[in-house]
Amino acid sequence: MIISHKHRFIFVKTHKTAGSSLEVALARECAEGDIVSHMEDNIASGIPRNYGPESWIGPAYNSTKLIRKLIGRHSPLLGAFYYEHMPASRIKTLVGEEVWGSYFTFCFERNPWDKAVSYYLWKQHGQGRDMPGFSEYVDKKPHRLPRDAKLYFEGDDVLVDRVFEFRDLSAALQELRERLGLELPEPLPREKTGVAAERKPYREYYDEQSKARIGELFSREIALMNYRFED
């Protein structure tokens, strides 16, 4: 998640859409006073900045997992706090209508049948989690799936100016260069990649039940982006 006052944009970070790589590239364009949320492994890298929490409890909150479990991210105890996969609605509340309405707001999205497989493999291989079979995961743990419509929708309304398609990343980067005056590299820095380089085509992970279930759970994304399961 990035708020750049220098370039007047707000980036809402979704899952498995090259978000970490894009965040690193965008952060390099940001000024000292801009806001860049941290990832799990880059707090000391110099990339994150000004994300908070701004209250006295902030340092302990960022460093202590137990405190994060006890206190929600939107608690008034924390004050303003900007974090990795933060909903656009919360960002809008914190920055105010004027900033939100005058900055270019954007995110990326991905075909959910493909995205769910990528997320599952990241959990299994990237994080070393003990995972059930894919179909069981979809059926039994829908709350764990990367259902990112909640990050950029409010009800049936899309809050951001632009939802870019992940598979058209090159065209999206060029639009961002031209619109915002950014110098974005291509290819992007590689973050959280190469976990399952030998993965099968996503279609091979599905049976009819899991295919239909993803269609139900990701209905807003599918309708917005005209996604389909490619046989």
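**Re a positive patch on the surface**
Moving on, step 1. Residues Lys65, Arg68, Lys69, Arg73, Arg129, Lys141 and Arg144 make up a contiguous surface patch of positive charge.
Moving on, step 2. Relative to the elements of secondary structure, Lys69 occurs in helix α3 (residues 65-70).

**Focus on the pattern of salt bridges**
Once their charged atoms are close, side chains differing in charge can pair, the charge on each being opposite to the other.
Moving on, step 1. Across all of its chains, the model carries 13 salt bridges by this definition.
Moving on, step 2. Across the pair Lys92 and Glu97 runs a salt bridge, and its minimum N-O distance is 3.8 Å.
Moving on, step 3. A residue is classified by how much of its surface remains accessible, and Glu97, at 57% relative accessible area, is exposed.
Moving on, step 4. Put simply, Arg162 and Glu175 hold a salt bridge, and the shortest N to O gap is 2.9 Å. Of this pair, Arg162 sits in strand β7 (residues 162-165) while Glu175 sits in helix α9 (residues 169-180); the two residues are 13 residues apart in sequence, bridging distant segments of the chain.
Moving on, step 5. Of the residues examined, Arg162 reaches a relative accessible area of 32% and is grouped as partly exposed.
Moving on, step 6. Three or more residues joined by partner-sharing salt bridges are found here, namely Arg110, Asp114, Arg167 and Arg199.

**Examining the packing of aromatic side chains**
Moving on, step 1. Taken as a whole, this structure holds 16 aromatic pairs when the rule is applied.
Moving on, step 2. When the centroid spacing of 5.5 Å and the interplanar angle of 55 degrees are considered together, the rings of Tyr120 and Tyr137 count as tilted. With a gap of 17 residues between them, Tyr120 in helix α6 (residues 112-126) and Tyr137 in helix α7 (residues 134-140) connect regions that are remote in the sequence. As far as burial versus exposure is concerned, Tyr120 and Tyr137 are alike and both buried.
Moving on, step 3. Site record: aromatic cluster; members linked through ring pairs are Trp113, Tyr120, Phe134, Tyr137, Tyr202, Tyr205, Tyr206 and Phe229.
Moving on, step 4. A cation sits over an aromatic face here: Arg179 above Phe104, 4.0 Å from the ring centre.
Moving on, step 5. Its end group placed over the ring of Tyr205, Lys200 keeps NZ or CZ at 4.7 Å from the ring centre.

**What to know about the nonpolar core**
Soluble globular proteins: nonpolar side chains tend toward being buried together.
Moving on, step 1. Core analysis: the largest hydrophobic core is formed by 29 residues, its most contacted members being Ile3, Ile10, Tyr82, Ile91, Val95, Trp100 and Val160.
Moving on, step 2. Of all the secondary structure elements, the ones that give two or more residues to this core are α4 (88-95), α5 (97-102) and α8 (149-152).
Moving on, step 3. The residues contacting Ile3, other than those within four sequence positions of it, are Phe9, Ile10, Asp34, Ile35, Tyr82, Ile91, Val95 and Tyr103.

**Concerning α4**
Moving on, step 1. By the burial criterion, the buried members of α4 are Ala88, Arg90, Ile91 and Val95. Viewed end-on, α4 has its buried residues packed into an arc of 160 degrees, placing them on one side of the element.
Moving on, step 2. Buried residues along α4 sit against β1 (2-4), β2 (9-11), α5 and α8.

**Re the environment of Ser89**
Moving on, step 1. With respect to the element layout, Ser89 can be found in helix α4.
Moving on, step 2. In this structure Ser89 touches Glu154 and Leu159, once residues within four positions along its chain are discounted.

**Quick word on the sheet that holds strand β4 (residues 104-109)**
Moving on, step 1. In space, the five strands of this open sheet follow the order β3-β1-β2-β4-β7, with mixed pairing throughout. This sheet does not close on itself; its edge strands, each paired only once, are β3 (35-36) and β7.

**What to know about the environment of Arg203**
Moving on, step 1. Mapped onto the fold, Arg203 is located in the loop between α9 and α10 (208-217).
Moving on, step 2. Exposure remark for Arg203: the relative accessible area of 35% places this residue in the partly exposed category.
Moving on, step 3. For the pair Arg203 and Leu180, spaced 23 residues apart in the sequence, the C-alpha separation amounts to 37 Å.

The rules behind these values
- Residues numbered from 1 in each chain as written.
- Predicted model: local features only at pLDDT ≥ 70, side-chain atom pairs only at ≥ 80, totals over all residues.
- Heavy atoms only, no water.
- Patch = residues over 30% accessible without salt bridge, like charges linked within 9 Å, V, L, I, M, F, W, Y side chains within 5 Å.
- Areas by Shrake-Rupley, 256 points an atom, 1.4 Å probe, with all protein chains shown as cover.
- Salt bridge = Lys/Arg side-chain N within 4 Å of Asp/Glu carboxyl O.
- Lys, Arg positive; Asp, Glu negative; His and termini not counted.
- Charge placed at Lys NZ, Arg CZ, Asp CG, Glu CD.
- Helix = DSSP H or I, 4+ residues; strand = E, 2+ residues; numbered from the N terminus.
- Buried < 20%, exposed > 50% of the residue type's maximum accessible area, 1.4 Å probe, protein only.
- Phe/Tyr/Trp six-rings, centres within 6.5 Å; stacked < 30°, edge-to-face > 60°.
- Lys NZ or Arg CZ within 6 Å of the ring centre and 35° of its normal.
- Core = buried A, V, L, I, M, F, W, Y, C linked by side-chain atoms within 4.5 Å.
- Contact = heavy atoms within 4.5 Å.
- Arc of directions from axis to C-beta.
- Pairing = 2+ DSSP bridges.

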